[in-house]
Amino acid sequence: MAEATSNGKFRVIGTRPVRHDGIDKVTGRAKYGADYSFPGMLFGKVLRSPHAHAVIKSIKFDKALKLPGVRAIVTAEDLPEAPNRLEQAGEMAINPSHLSRNILARGKVLYDGHAIAAVAATSPHIAEEALKLIEVDYEVLPPVMTVDAAMNPGAPILLPELRNNEEGDKQTNVAQHMQFKRGDLEKGFKASDFIVEREFNTAMVHQGYIEPHNAVGIYNNDGQATIYCSTQGAFDVRSLSAQVLGMPVGKIRVVPAEIGGGYDPAMTWSTSPVSNRPLTNAS
């Protein structure tokens with residue numbers, strides 16, 4: 001909390017607070033999700049699409065499955081149909097059906113690098129070799145490379161079932177219309193001496209925390225599963241994993257491991273539109 005003292009100074013902002021996890025992280029003692037190791041652990045590798053948009057006509061992995069050391073190969077056919085609805089997950093809403101299709105492509109691939117199949121083997125090297133033996137037959141479709149192109153009339157539709165409130169029962173690539181407004185925009189324009197309009201294109205960005213995306217999963221013979229991963233939302237991981245895997249949520253335990261950093265866009269600092277006083281927590 002950015003609580004201010006009587007003299008207007010913050011108690012934490014502008015100071016040098018003690019990082020209680022600092023010693024563990026700089027000495028390498030901190031354990032992230034990928035640092036856990038268990039007897040009999042298998043290693044996974046993922047086969048990814050070389051196409052940005054294509055129908056998956058067939059996947060043949062018989063040769064890969066016969067490779068010594070390969071224990072399992074999974075595709076989207078091994079995952080249940082996740083519910084097509086929005087679920088609250090942390091500070092954002094996620095559609096479990098879209099999440100499942102992002103984990104393993106179902107029916108067609110939607111971007112270059114989309115996961116097609118995953119191999120579990122006794123070593124990462126064997127899993128890598130198995131990927132080379134998987135045969136995928138694609139029917140390449142026209143890609144959509146920019147946001148503007150995706151919104152143009154007649155653009156290739158990526159998700160045929162996608163709809164939004166603005167366009168009704170019409171196929172679209174626009175998942176949702178959102179507007180952020182504050183104040184009287186027209187009044188502001190009329191009172192302005194100059195109005196500058198520009199269009200900016202930016203690249204996709206992601207925060208640079210010091211641990212990679214990671215997870216170690218254990219599935220027991222009694223149907224109970226445990227997931228070790230670096231996360232700030234253990235309950236969200238448990239809920240979404242249950243829906244994607246078709247398991248009861250009570251049979252999944254999530255152990256949150258160390259994180260290398262985090263940024264919560266919901267925890268921002270703002271100014272009250274009424275009094276112009278700083279809000280201590282504008283989440």
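Remember, predicted model here, so these are calculated numbers, not experimental data. (Residues numbered from 1 in each chain as written. Predicted model: local features only at pLDDT ≥ 70, side-chain atom pairs only at ≥ 80, totals over all residues. Heavy atoms only, no water.)

Asker: Summarise helix α4 (residues 124-132); cite the residues concerned and give the values.
Answerer: Of the positions making up α4, those classed as buried are A127, A130 and L131. Viewed along the axis of α4, the buried residues span an arc of 105°, placing them on a single side of the element. When the buried face of α4 is taken as reference, the exposed residues oriented beyond 90 degrees from it are H125 and K132. Residues of α4 that are buried sit in contact with β1 (43-48), α2 (62-65), β3 (70-74) and β7 (115-121). (Buried < 20%, exposed > 50% of the residue type's maximum accessible area, 1.4 Å probe, protein only. Helix = DSSP H or I, 4+ residues; strand = E, 2+ residues; numbered from the N terminus. Arc of directions from axis to C-beta. Contact = heavy atoms within 4.5 Å.)

Asker: Describe the environment of V147, listing the residues and the values that go with them.
Answerer: Here V147 is to be found in helix α5 (residues 147-151). As a C-alpha pair, V147 and N173 span 26 residues in sequence and 9.2 Å in three-dimensional space.

Asker: Break down the packing of aromatic side chains for me, with residues and values.
Answerer: Tallying each qualifying case throughout the model produces two aromatic pairs. Relative to Y228, the ring of F38 lies with its centre 5.2 Å away and its plane at 35°, an arrangement referred to as tilted. Of this pair, F38 sits in the loop between α1 (22-27) and β1 while Y228 sits in strand β10 (residues 225-230), and the two are 190 residues apart along the sequence. In this structure F38 comes out as partly exposed when scored by relative accessible area, which is 27%. Overall, the relative accessible area of 12% leaves Y228 in the buried class. Aromatic rings pair up to connect Y36, F38 and Y228 into one cluster. (Phe/Tyr/Trp six-rings, centres within 6.5 Å; stacked < 30°, edge-to-face > 60°.)

Asker: Explain the nonpolar core to me, using residue names and the numbers behind them.
Answerer: Within soluble globular proteins, side chains that are nonpolar tend to cluster in buried spots. One finds V109, I116, V119 and I134 to be the most contacted residues of the largest nonpolar core, which totals 17 residues. Among the secondary structure elements, those contributing two or more residues to this core are β2 (54-60), β3, β7 and α4. No other element matches the four residues that β7 contributes to this core. Each residue touching I134, except ones within four places of it in the same chain, is listed here: L47, I59, K60, F61, A64, I73, A117 and V119. Membership of the second largest hydrophobic core comes to eight residues, among which are I227, A242, M247 and V254. (Core = buried A, V, L, I, M, F, W, Y, C linked by side-chain atoms within 4.5 Å.)

Asker: Describe the confidence of the model for the protein chain, and please don't skip the residues or the numbers.
Answerer: As a general rule, the predicted coordinates of low-pLDDT regions are not to be interpreted in detail. For the protein chain, the average pLDDT comes to 86, and 90% of its residues sit at 70 or higher. Segment residues 266-283 is flagged for pLDDT under 50; beyond a separation of four residues in sequence, or across chains, it makes 25 contacts in the model. (pLDDT = per-residue confidence, 0-100.)

Asker: Go over the sheet that holds β2, please, and point to the residues and values.
Answerer: The strand order across the open sheet built from three strands is β6-β2-β8, with neighbouring strands paired in antiparallel fashion. At either end of the open sheet lies a strand with only one pairing partner, and these are β6 (108-109) and β8 (135-140). Here β2 pairs with β6 via two bridges, running antiparallel. Across the sheet, V55 pairs through a bridge with K108, a residue of β6. (Pairing = 2+ DSSP bridges.)

Asker: An account of the layout of surface pockets is needed here, citing residue identities and associated values.
Answerer: In this structure, the second largest pocket encloses a volume near 300 Å³. For the lining of the second largest pocket, the residue count by class is three nonpolar, two polar and two charged. (1 Å grid on protein atoms, 1.4 Å probe; cavity = no way out; pocket = protein on both sides within 12 Å on 5 of 7 lines; lining within 4 Å. Points joined across faces, edges and corners; volume = space filled by probe spheres on them. Nonpolar A, V, L, I, M, F, W, Y, C, P; charged D, E, K, R; others polar.)

Asker: An account of the sheet that holds strand β9 (residues 216-219) is requested, with residue identities and associated values reported.
Answerer: Within a sheet, each strand pairs with its neighbour through backbone hydrogen bonds, oriented either parallel or antiparallel. Taken in spatial order, the three strands of this open sheet run β9-β10-β11, and their pairing is mixed. Strands at the two margins of the open sheet, each flanked by one partner only, are β9 and β11 (252-257). Taking the axes of each pair of neighbouring strands and ignoring which way they run, one obtains an average angle of 15° across the sheet. Of the strand pairs in this sheet, β10 and β11 are connected by six bridges, and their pairing is parallel. Pairing of T226 across the sheet is with R253, part of β11. Each of β10 and β11 touches helix α7 (residues 234-245); the most contacted strand, β11, lies at about 140° to it. (Axes fitted to C-alpha atoms, helices over the stretch in contact; angles between N-to-C directions.)

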